[in-house]
Structure formats: structure tokens, C-alpha cells
Amino acid sequence: GDDRPVVLEVKNLDKSFSGVHAVSNTSFTIHKGEVVAIIGPNGSGKSTTINMISGLFNPDSGQIVFEGKHLEHMKQREISDAGIARTFQNGRVFGSMTVDDNLEMGLHKTMAAGRPLRGLQDYPLVKWANLIGELGLNLVPGPKTRAEMQSVKEQVDAQAKSFGDHLADVRGRMTYSLSYANKRRTEIGRAMISEPHLLCLDEPTAGMNQTETAEVMELLLKLKAEGNTMLLVEHKMDFVMTLSDWIIVMDNGRIISEGIPSVVRNDPRVINAYLGG
Ligand code: ADP
Ligand code: MG
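An unreviewed UniProt entry lists the protein chain under the name ABC transporter, with Bifidobacterium lemurum given as the organism.

Pasting the structure below:
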């Protein structure tokens, strides 16, 4: 047993899309400070699992209990307010906003569209409204006093600087022009600035080369060392083995194995379904 408190408990989750069982009877637990990884072949239900936890869609049945609260019928915004943040498999940043403004967007609980965020007005309304919805962002009236403005500035500054020098020279640049790794830093920063109690990362190194992957690894190891709780979907096995405390293996919508990295790596069912392929 693990003595750390349970942060997330998922029980008997089911989700079908027009007859396709994307996730079937899936249960697992995440403790405070743990990094739990879900691995498995394409189409095995990994993203669907994260999408249900973050409220992109609700499960057909089953329970999602986060710090004692039931989330299975909640909307994205309520889930994000409860303290779950996420990043996306394909990466989602507000491309024509600066890095700093992307980070500020993550402060949805205290800031808002009080001042027009540079770049936001250039988006097709539907596009940014979608992203705001997907992220569970909640644009409430923004800082009104100088002290509030200062506080937002300081939080953005601290978040940007928490990634070392990497973002230092690009904070005023439009995010679309950044490297993959810096886009991902911006996306992770936007998620982390609200100090979530669970960070869900869907393939944070998708499309990245070895150097960029190593940079994201370094960042996630740092977040882990700071005690953050993470649920990670990832393909790259070295990455998963290094970062995770616990690995869940999915195949065809079901968990076929789970355990600590050294055990999962040697499980014949895993080798058959995934590693052997
Ligand atoms: P993974 O992330 O493990 O590659 P997914 O969870 O994305 O797998 O997909 C699991 C199954 O559910 C696949 O058959 C996929 O086509 C289907 N699926 C996922 N999301 C949707 C959706 N929004 N609409 C219809 N089918 C979906
Ligand atoms: Mg996926």
C-alpha cells in the first residue's frame, strides 16, 4: 500500500463512441505526488481516459473521484476549478498570443478579459472559444486595481522563470513562432500557473526529436521533484520508465497490466500487446 493520500480514484469507467468501446471497466488510483503513466497501442483508450477525467466528455458509466469530489457529471470548467489542468496530444496554445499572455490565460480564476489580451481579437471567435472551453478556462472580470495587476504580472513572471532560461528571450513573441519544446513549455506553464492538484499530459513529446524530448523530460522531472501529481500518456518507453512511479497498460479499452516500471517492462502480456510489436 501507498501511505500518501489518494488524489484521484477512477472506478469502472466506460465510454463508447457509436458502438465502439473506447474505454471499458477501467479503474485506477493516483496518490499525491505520484506520476502515473498510461501506455498502450494506438486506439487503446488512453486519450479517452484523460478526456473523461478533464471533462472533455463525461463517461457513460463509472465514477471519477478527485479529492473526494465526484467529477463524472461535471463540465470542464468545474473540473478545472476543482484543480485539474491538462495539456493536449497535439499541443494547444493561443498561437497569436505571446508566451506571457498564454501564461496569463491560465490564471483564469483571478484574471480575465478585463483588458483585451493582445492577439485574442485576431482569433476566429469559434476557435478561441473552443480552446477556452476545452481548457476549462473561466474568463471573469480581470484585475481592477494596480495591486491585482501587479500580482498577475508577478505570477506570470514567476511561472516563466520557473522554466529556467528557456523562455527568457521569447516571452514577448507570438507562440506560433516558437520551437516545439517552447510551445510545450508554454502549454505546461499555462496549466501549472493555476497550481492544479493534478496535471494531465497527453503525449507531451509527440512529434518531438530526441533533444526536445529530453528537454520536456527535464521539465517534468522538475515538476515531479516539486511534488506535483501527474497523469501522463506517452509512447516513448525510456521517457515513461524514467519518469513514472506507476504504469498502467491499456489495450483495446481495458487495463491489461499495471505496476512499477521494472515489473511492467517484463510482463509478458505487455511485451505481447505493446513492446513486442
Ligand atoms: P489512444 O489515445 O489510446 O490512441 P483514444 O482514446 O484516442 O486512443 O481512442 C480509443 C478509441 O475511441 C478509438 O477507437 C478511437 O477511434 C475512438 N474515439 C476516441 N475519441 C473519439 C471521438 N471523440 N469520437 C469517436 N470515436 C472516438
Ligand atoms: Mg491518444
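That shown, we press on.
A.B. asks: Outline the site of ligand 1, supporting the account with residue identities and numerical values.
C.D. replies: With respect to spatial proximity, the complete set of residues near ligand 1 consists of Phe17, Val20, Ala22, Gly40, Asn42, Gly43, Ser44, Gly45, Lys46, Ser47 and Thr48. Ranked by the residues each element gives to the shell around ligand 1, the list is headed by helix α1 (residues 46-53), at 3 residues. Among the residues making up the shell around ligand 1, the classes are represented as 3 nonpolar, 7 polar and 1 charged.

A.B. asks: Break down the environment of Ser257 for me, citing the residues and quoting the values.
C.D. replies: Along the polypeptide, Ser257 turns up in strand β10 (residues 254-259). A sequence separation of 12 residues divides Ser257 from Arg269, and the C-alpha atoms of the two residues are 7.4 Å apart.

A.B. asks: An account of the sheet that holds strand β2 (residues 20-31) is requested, with residue identities and associated values reported.
C.D. replies: One open sheet accounts for 4 strands, arranged β2-β1-β4-β5; its pairing is antiparallel. Edge positions in the sheet fall to β2 and β5 (69-70), since each of these pairs with one other strand and no more. The sheet contact formed by strand β4 (residues 61-66) and β5 spans 2 bridges and is antiparallel. Bridge pairing in β5 links Val65 to His70.

A.B. asks: Tell me about the confidence of the model for the protein chain, and please be specific about residues and values.
C.D. replies: Chain-level statistics for the protein chain give a pLDDT mean of 87 and a share of 87% at 70 or above. This model gives residues 110-116 a pLDDT under 50, and the stretch forms 16 contacts once residues within four places in sequence are excluded. ipTM for the predicted complex: 0.98, alongside a pTM of 0.90.

A.B. asks: Before we move on, can you summarise unusual backbone geometry with the specific residues and values?
C.D. replies: Unusually for a residue other than glycine, Asn12 sits at a positive phi of about 50 degrees. For Asn12, the position within the fold is in strand β1 (residues 6-17).

A.B. asks: Just give me the short version of the pairing of β2, but keep the residues and values in it.
C.D. replies: Sheet topology places β1 next to β2; 8 bridges connect them, and they run antiparallel. Across the sheet, the residue bridging to Glu9 is Thr29, located in β2. In sequence, β1 turns back onto β2 through a hairpin of 2 residues, with Ser18 there showing a positive phi of about 35 degrees.

A.B. asks: Residue-level account of the domain arrangement of the protein chain, with values.
C.D. replies: When the domains of the protein chain are assigned, the result is domain 1 (1-83 + 196-277) and domain 2 (95-195). Between domain 1 and domain 2, the residue contacts involve 16 residues of the former and 15 residues of the latter. With 5 residues, the single largest contributor to the side of domain 1 that touches domain 2 is helix α2 (residues 76-82). In the side of domain 1 that touches domain 2, the residues fall into 8 nonpolar, 4 polar and 4 charged.

Cut-offs and rules
Residues numbered from 1 in each chain as written. Chains lettered and ligands numbered in written order. Predicted model: local features only at pLDDT ≥ 70, side-chain atom pairs only at ≥ 80, totals over all residues. Near = placed C-beta within 6 Å. Helix = DSSP H or I, 4+ residues; strand = E, 2+ residues; numbered from the N terminus. Nonpolar A, V, L, I, M, F, W, Y, C, P; charged D, E, K, R; others polar. Pairing = 2+ DSSP bridges. pLDDT = per-residue confidence, 0-100. Contact = placed C-beta atoms within 7 Å. Domains from an automatic or database assignment.

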